[in-house]
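An overview of the molecular structure
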Amino acid sequence: MIYYVLDHGAVGDGLHNDTSGIQAAVDACHNAGGGRVVLSKDHIFRSGTIILKSNVDFHIEEGATLLASDIINDFNAFSDIDHSTQEISVPTYENCDYQGCPSLFFLYAKDETNITVSGKGIIDGNEEIFYGTITPYHIDGSFYPRVPLMFFEHIDNLTIKDVTLQRSAFWTIHPIGCSNINISNIVINNNLKLANCDGIDPDHCKNVTISNCNITSADDCIVFKNTNYGSAYGACENITVNNCKLISTSAAIKIGTESEDDFRNILIRNCIINKSNRGISLQLRDSGNIENIHFENINIDCRLFSQQHWWGDGEPIAITAVKRNKTTKIGHIRNVSFDNISCVSENGILIYGDSSKNISDVSIKGLKMKIVEKAGEKRNSKDLRPCEETPTVPAKPSCFYSCNTERITVDSFELDINNDLAELFKPYVVTHDCSITDMNLKMKGGEE
């Protein structure tokens, strides 16, 4: 059965609040056993919180837009807090600790099965109503956390396909404790200045496939989480990412920083990363572990961008495992492999563990790296944020930097660096308290 929201009281003129009409169509579809709820083409449906339910395909036709309301409290479906008066006191690049569950929602579902969001239409998060401090390179939110475009908790069989998601004010797709997720052929187009508007954030999720997606976002494009809120759901595991194009003001692909449980059995391949502050970032800050992770056939183009506001120093790969604060019980990173990685970047690879040498068994094969000058920012430290004790470590730039690690294998490392930068980056390989084997370095520029 097909349920048109226009038949249930929605107007679709972009002016009226259509929340009740859209929700009535969803409820009717669910109560009848399931079907498709349609937002018709050539209409703009302005709405607050929509609660999706089992066996509903929420379908936005090509030429239709679901637009977030202009009134912040229209997303306040489960509390009576007046969020329009909230403010943040510390910029989120200094403190963005997050337990994992917001109090405001746009598209929402919990404890359901067989939910689909589909169609070639647009879902628009109306980001401007959440703006706080604005600078030339960074826009902070007026409060934190803000409204995720989609928040789905404990859903079995979740499909998101073909839609365009844009102007999200916070994490765009946040599934938490979900299983059997398929996200394919979507476009996410967020503001590269707006903090915390991640692309896809699977959190304590299992059996996930993300494929053929085109994502532009700040902070991270695809980032796996294990937040404190979702601890009952266990590890984030059995995940495949394939054939995605990514642009980020932070890390295009990231694991962490929220890492209260384990990440394991993750395969990421055939992806293109452009214009990102970091390409691939593994950031362990809590008691969970990161293991059995494989990257292959990744092309990375990085640039160093506004160091104060955005974490990272233009590294194509950054693997860090340091305590979030003094009381943290830190986990480990191990059994991570990279095959056939090509990168053009302003900085080299960073691998940095704590004094227990909690990063081990990292294998890199077939690495091609070209070091270039782009933004002209200083490269005189290693960025370990978020980290209460030592957020940055003074260090001159290098092409490969490893500290407090064990059994790092690098086989076939081809480095291209011109003479203008060669002296700045010497020595090309820097190690402290670590063991590296098979550093088969070949030069295309500079001197070996």
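Every value quoted in this text rests on a predicted model; they were computed, and no experiment measured them. (Residues numbered from 1 in each chain as written. Predicted model: local features only at pLDDT ≥ 70, side-chain atom pairs only at ≥ 80, totals over all residues. Heavy atoms only, no water.)

**Some thoughts on the layout of surface pockets**
Volume-wise, the largest pocket comes out at about 210 Å³. Along its surface, the largest pocket is lined by 13 residues, and Glu94, Asp97, Pro386, Cys387 and Glu388 are the ones closest to its centre. The volume enclosed by the second largest pocket comes to roughly 150 Å³. What lines the second largest pocket is simply Val322, Lys323, Tyr352, Gly353, Asp354, Ser355, Leu384, Cys387, Glu389, Thr390 and Asn404. Here the lining of the second largest pocket is built from residues that sort into four nonpolar, four polar and three charged. (1 Å grid on protein atoms, 1.4 Å probe; cavity = no way out; pocket = protein on both sides within 12 Å on 5 of 7 lines; lining within 4 Å. Points joined across faces, edges and corners; volume = space filled by probe spheres on them. Nonpolar A, V, L, I, M, F, W, Y, C, P; charged D, E, K, R; others polar.)

**Some thoughts on the sheet that holds strand 8 (residues 107-110)**
Read from one edge of the open sheet, four strands run 5-8-13-16, paired in parallel fashion. Taken across any chain shown, the strands that pair with only one partner, and hence form the sheet edges, are strand 5 (50-51) and strand 16 (173-176). Pairing between strand 5 and strand 8: two bridges, direction parallel. When the sheet's bridge partners are listed, Ile51 is paired in strand 8 with Tyr108. (Pairing = 2+ DSSP bridges. Helix = DSSP H or I, 4+ residues; strand = E, 2+ residues; numbered from the N terminus.)

**Things to note about the pairing of strand 20 (residues 214-217)**
With three bridges joining them, strand 18 (residues 187-189) and strand 20 adopt parallel strand pairing. Paired with Asn189 across the two strands is Thr216, which belongs to strand 20.

**Quick look at the nonpolar core**
In terms of nonpolar packing, the biggest core is built from 105 residues, with Phe58, Phe152 and Phe295 touching the most fellow members. Those residues in contact with Phe152 that sit more than four places away from it in its chain are Leu52, Leu107, Tyr108, Ala109, Val117, Leu158, Ile160, His174, Pro175, Ile176 and Cys178. Membership of the second largest hydrophobic core comes to 11 residues, among which are Val322, Leu350, Cys387 and Cys403. (Core = buried A, V, L, I, M, F, W, Y, C linked by side-chain atoms within 4.5 Å. Buried < 20%, exposed > 50% of the residue type's maximum accessible area, 1.4 Å probe, protein only. Contact = heavy atoms within 4.5 Å.)

**Quick word on the packing of aromatic side chains**
Any pair of aromatic rings gets described here by the distance separating the centres and the angle formed by the planes. The full count for this structure, using the stated rule, is 16 aromatic pairs. Relative to Phe170, the ring of Tyr98 lies with its centre 5.5 Å away and its plane at 80°, an arrangement referred to as edge-to-face. Taken as a pair, Tyr98 in the loop between strand 7 (65-68) and strand 8 and Phe170 in the loop between strand 15 (164-166) and strand 16 lie far apart in primary sequence, 72 residues in all. Judged by centre distance (4.9 Å) and plane angle (5°), the rings of Phe295 and Phe338 are stacked. (Phe/Tyr/Trp six-rings, centres within 6.5 Å; stacked < 30°, edge-to-face > 60°.)

**Quick look at empty space enclosed by the protein**
According to the stated counting rule, one finds two cavities of 30 Å³ or more in the structure shown. By volume, the largest cavity is sized at about 200 Å³. Along its surface, the largest cavity is lined by 18 residues, and Cys96, Asn196, Asp219, Lys254 and Trp311 are the ones closest to its centre. Residue contributions to the lining of the largest cavity peak at three residues, all from strand 24 (residues 251-259). Here the residues of the lining of the largest cavity are counted per class, giving seven nonpolar, five polar and six charged.

**Looking at the pairing of strand 24**
Here strand 24 lies mainly inside the structure; nine of its nine residues are buried. Pairing of strand 21 (residues 222-226) with strand 24 involves four bridges; the strand directions are parallel. Note on strand 24: the bridge partner recorded for Val223 is Lys254. By the bridge criterion, six bridges tie strand 24 to strand 26 (residues 278-284) in an arrangement that is parallel.

**Considerations on helix 1 (residues 19-31)**
In this model helix 1 runs 18 Å from its N-terminal to its C-terminal C-alpha over 13 residues, within 8% of the 18 Å that 1.5 Å per residue would give. Among the residues of helix 1, those classed as buried are Thr19, Gly21, Ile22, Gln23, Ala25, Val26 and Cys29. Gly33, located one to two residues past helix 1, shows a positive phi value of around 105°. (Expected span 1.5 Å × (residues − 1).)

**A short note on the pattern of salt bridges**
Inspection of every chain in the model, using the stated rule, returns 17 salt bridges. For the salt bridge of Glu128 with Arg167, the shortest nitrogen-to-oxygen distance reads 2.4 Å. With a gap of 39 residues between them, Glu128 in the loop between strand 10 (122-124) and strand 11 (131-135) and Arg167 in the loop between strand 15 and strand 16 connect regions that are remote in the sequence. Judged by its relative accessible area of 22%, Arg167 is partly exposed. Its salt-bridge partner being Glu423, residue Lys426 comes within 3.3 Å of it at the nearest N-O pair. (Salt bridge = Lys/Arg side-chain N within 4 Å of Asp/Glu carboxyl O.)

**A short note on the environment of Asp13**
With respect to the helices and strands, the residue Asp13 is situated in strand 2 (residues 13-17). From its side chain, Asp13 meets the backbone nitrogen of Leu15 in a polar contact 2.9 Å long. A distance of 2.6 Å separates the side chain of Asp13 from the side chain of His16, its partner in a polar contact. (Polar contact = N/O pair within 3.5 Å; in protein donor to acceptor, adjacent residues only side chain to side chain.)

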